[in-house]
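# Structure at a glance
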Amino acid sequence: MKNTFLEEYYKGIFLGRSNRKGRFMSMGELKKRLSRLNGNMLAQLRSANELNQVHLMFSKLCALLQRKLEREEEETKRQELLRLWEQCQHFCALLAAKDLEFLPEMSEEELETVLKLPGIRRYLLSNSLLRAYELFYIPKTIEKEIQERIPEKPEDEYPEARKLQRHFVLHVGPTNSGKTHDALERLKESSHGAYFGPLRLLALEVSDKLNAEGVPCSMVTGEESVLVAGATCTACTVEMLNEKEYFDIVVVDECQMIGDSHRGSNWTKAILGLRAEEIHLCMAPEAETVVLQMIKRCQDSYKVLRHRRSTKLKVEKEPYVLGRDLQKGDALIVFSKKSVLALAAHLEREAKVKASVIYGSLPPASRREQVRRFLEGETEVVVSTDAIGMGLNLPIRRVVFVETQKYDGVLRRKLNHAEIKQIAGRAGRFGLYQEGYVAAVEDVDLIVDGVNGNAAAIRQAYVGFPEQLLELPSDIDNLIKIWVAMDTPYLYRKMEVDELLALYQAFVHINGIRLDEFKKEEIYKLITCSIDLNNRYVMNLWRDYCREYRQVEELDFPYTIGENLYDLESYYKMLDLYFQFSRKVKLPIQTELLEEERRNTEEEINRILKTECGSYTRKCAECGRELPWNYTYSVCERCYCRIQQRRGLF
C-alpha cells in the first residue's frame, strides 16, 4: 500500500505542473537519458545519497517532456512522447520502491504525515525521500521528544540534587580579596570534599597547598591524575565534575566564568547539579545576581560574604613610557603569545631586563618555574597575556596594560570592564605592598573607567548539551543543531557548539564508511576531548587515535616533532591528548614514560625561556630583518613593497 501511495505522490510532483526544472534537450538525448533510468540502474544504488542525482535528473526530464507534449502538434511525434510519458509513470513506481528501502519502517499514515510537511514537494524534485525525511520530519519529531525528555527548567535535570537541602556560601569580591583563601579554609574541615577550578594549574596549586598544610588532597584533571593515599578532598578542573558523587563541602572557583559561551555550562552544571551539603562559590561581583537567581530557583538556602581588597588600587593618569618607566615588580600585559615573547626579547636586548613570561599554552610546570624565577629575583618583571588574571598570586607592584585591545576569536576589540578589573586586580599583593598601581601605554581613560567603574552584570548562564539526548534516533550533529535552536528559560542560554560540530565532522570524515559501528555515546566521548583545534599536530594525533583505537591494544605514544618552543609546547599538548584519549577509551597508559616525557619537555621549555628568550624577536618573513616588537605584520614595509611590485600592484 505504501508503494502505491508513494507512486501516485511521485506522479503528482514529477509529472505535475509544479515541476519546472527542465532545460532544452533534443528528442534523441531525452530518449537516451530516460533509457538509463530503469530498475537495473536503481538496483545498483547502495545509499540514499546516490538517489539525489536520480531525483534531480528525473525531474528535469519530466519537466522537459511536459513542455514538448504541450507544444507538439504532429500526431506521430505526440504518440512517441506519450510512450515516454508512460515510461516515466512506470519509473515513478520503481523510484518509490527504491526510496522506501532506505526509509525507516513506518505506516502509510506516518508516511502521509511526512509528505504533507510544507516545502517537501519541491525538495523531493532534487533529493531522496530519506534526505527529505531527515530535513523536514526528523527535526520536528526530535524537537518534540527533546521537550518530553528534557525538563523545561534546567535545574530539574538534576533530581538527586533537588532532593537535598543544600546550603550555598557566596564569596563575592574583586581579585586579590581573599575569596578563595577563605573558602579553602572551610574545605580543610571536610571529610569528603572537592575544589573545582577553571585551570589545571589552579587545581595543582590547591592540591599542593592543602597537602603542605597537612590535608591529604588528590588532583584530577582531564590531562593528569595524582591520587594521594587517605585523601579527604580532591582538587579538579570543573570539567571533571561528576554530579553523581556526594560531598560534604565543595568549593567552586571563578564562578563568573558561568557567562563564558564555551565553558560556562560547566559552572552551571556545578551550581545546579552538585550533590553536597555545603557549597562555597567564589566569584566576581558581576556574577552575583545570576547565581542567586539560580540558587533561588533550586530552593536552596544561601548567604553572601562580601570581600574587599586589602590593598588600595591606584591608576596612574599619565601614559606609561615603556623604556623610561620600567620598574622592578611590573607586570606588562599584552594579548598574544607572539607579543609576550617579542616584548620579553625586546626588554632583554634593549633594556637589559630579564622577564618571566606567562601565556596560555605554557605547560603548568613551566608557568610555575616562571613564577619561581620572578619570586626569587632571577627576573625583574613579568610579561604576560590575560592568563595572569586568574589564579596566579605574584608579588606584582604595578600592572601595565601595554595593549588595550585583544582578539577574541571573532574580532579585535577593546577590553571590557570585567577583563580590566580581573587583570588590574593582580597589582599590590597583600602583605608585600600597601598599594597596587595600574598603568597603560595608551588609552589610559579606558583603563581608568575599567578599574573605577562597574563591570556589566552577567545576565544569563550557559547550559550544555544534555547527553541523554544521544538516545534519540538521529545523528549527533542533527541532535545538537535541533537542541541549540530550541528556546530556553530567560535565565539561561545554550553553549557554543561550533567546536563540537567541527570535531564530529572530522570523526565522520575519518570513519564515515563504518560510522554505524560506533555508538553515539562513544563518539560523543571522543569529540568532547579538550584539545587545541588550531594546532595541526594535536589534531592530526586526535585523528590518528580516532582511526585506530579499536584495532589496537594500546595507543601509539606521541612522537617528538622538533626542538623549538612551538614544537615542544605542541608535543606537551600531544602528551596530554594521549593520556586523555586513552582514559576515555579505557586503554592502558604508559604512566612512567608519560611522566618522564612531560618532565623532560617542561625542562627544555624552561631552558629555552631562560637562556634563549632574547632570540624571540619579530623578524621579517621575507628578508629576516629584525622588526619592532609590536610590529603588526609578518613582512617589513620594504619587502611588502617588493611583493606588491612583483604582483604588478605598484
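Provided above is the structure to which this section pertains.
Below or above, wherever it landed, is the structure these notes cover. Source: prediction; values computed, not measured.

## A few points about helix H22 (residues 536-548)
Over its 13 residues, H22 runs 18 Å from end to end, which matches the ideal 18 Å to within 8%, given 1.5 Å per residue. Listed as buried for H22 are Tyr537, Val538, Met539, Leu541, Trp542, Tyr545 and Cys546. Buried positions along H22 lie against helix H20 (498-511), helix H21 (520-527) and helix H23 (565-584). For H22, the side-chain oxygen to backbone nitrogen distance between the N-cap and Tyr537 is 3.0 Å, and the N-cap itself is Asn535.

## Let's talk about the side chain of Glu278
Following the sequence through the fold, Glu278 ends up in strand S7 (residues 275-283). The buried category is assigned to Glu278, whose relative accessible area is 16%. If sequence neighbours within four positions are ignored, Glu278 has contacts with His167, Arg186, Asp248, Ile249 and Val250.

## Re the environment of Gly425
Here Gly425 shows up in the loop between helix H17 (417-424) and strand S16 (435-440). For the pair Gly425 and Cys298, spaced 127 residues apart in sequence, the C-alpha to C-alpha distance is 32 Å. Residues within four places of Gly425 in sequence aside, it is in contact with Thr175, Asn176, Arg309 and Leu313.

## Topic: the packing of aromatic side chains
Counting across every chain of the model gives 16 aromatic pairs. Residues Tyr9 and Tyr10 carry aromatic rings whose centres are separated by 6.5 Å and whose planes lie at 50 degrees to one another, so their mutual orientation is tilted. On the accessibility criterion, Tyr9 (11% relative accessible area) is buried. Relative to Tyr566, the ring of Tyr537 lies with its centre 6.3 Å away and its plane at 50 degrees, an arrangement referred to as tilted. Placement of the pair is Tyr537 in helix H22 and Tyr566 in helix H23, with a sequence separation of 29 residues. By relative accessible area, Tyr537 is classed as buried at 15%. Of the aromatic side chains, those joined through ring pairs into one cluster are Tyr9, Tyr10, Phe14, Phe58 and Phe91. In this arrangement the basic side chain of Arg121 is found over the ring face of Tyr9, its NZ or CZ atom lying 5.4 Å from the centre. Geometry around Phe579 places Arg598 over its ring, the cationic atom sitting 5.8 Å from the centre.

## Comments concerning the sheet that holds strand S3 (residues 217-220)
Strand order in the open sheet formed by 8 strands is S4-S3-S5-S2-S6-S7-S1-S8, and the pairing between neighbours is mixed. With one partner strand each, in any of the chains shown, strand S4 (225-226) and strand S8 (301-306) form the two edges of the open sheet. The sheet contact formed by strand S6 (residues 246-252) and S7 spans 6 bridges and is parallel. Paired with Val252 across the two strands is Leu281, which belongs to S7.

## Quick look at the nonpolar core
Membership of the largest hydrophobic core comes to 153 residues, with the highest contact counts inside it found for Tyr10, Leu281, Ile527, Trp542 and Phe581. Residues within four places of Phe581 in sequence aside, it is in contact with Leu526, Cys529, Trp542, Tyr545, Cys546, Tyr549 and Leu555. Residues Leu341, Ala344, Tyr359 and Cys613 belong to the second largest nonpolar core, which totals 28 residues.

What counts as what
- Residues numbered from 1 in each chain as written.
- Predicted model: local features only at pLDDT ≥ 70, side-chain atom pairs only at ≥ 80, totals over all residues.
- Heavy atoms only, no water.
- Helix = DSSP H or I, 4+ residues; strand = E, 2+ residues; numbered from the N terminus.
- Expected span 1.5 Å × (residues − 1).
- Buried < 20%, exposed > 50% of the residue type's maximum accessible area, 1.4 Å probe, protein only.
- Contact = heavy atoms within 4.5 Å.
- Polar contact = N/O pair within 3.5 Å; in protein donor to acceptor, adjacent residues only side chain to side chain.
- Phe/Tyr/Trp six-rings, centres within 6.5 Å; stacked < 30°, edge-to-face > 60°.
- Lys NZ or Arg CZ within 6 Å of the ring centre and 35° of its normal.
- Pairing = 2+ DSSP bridges.
- Core = buried A, V, L, I, M, F, W, Y, C linked by side-chain atoms within 4.5 Å.

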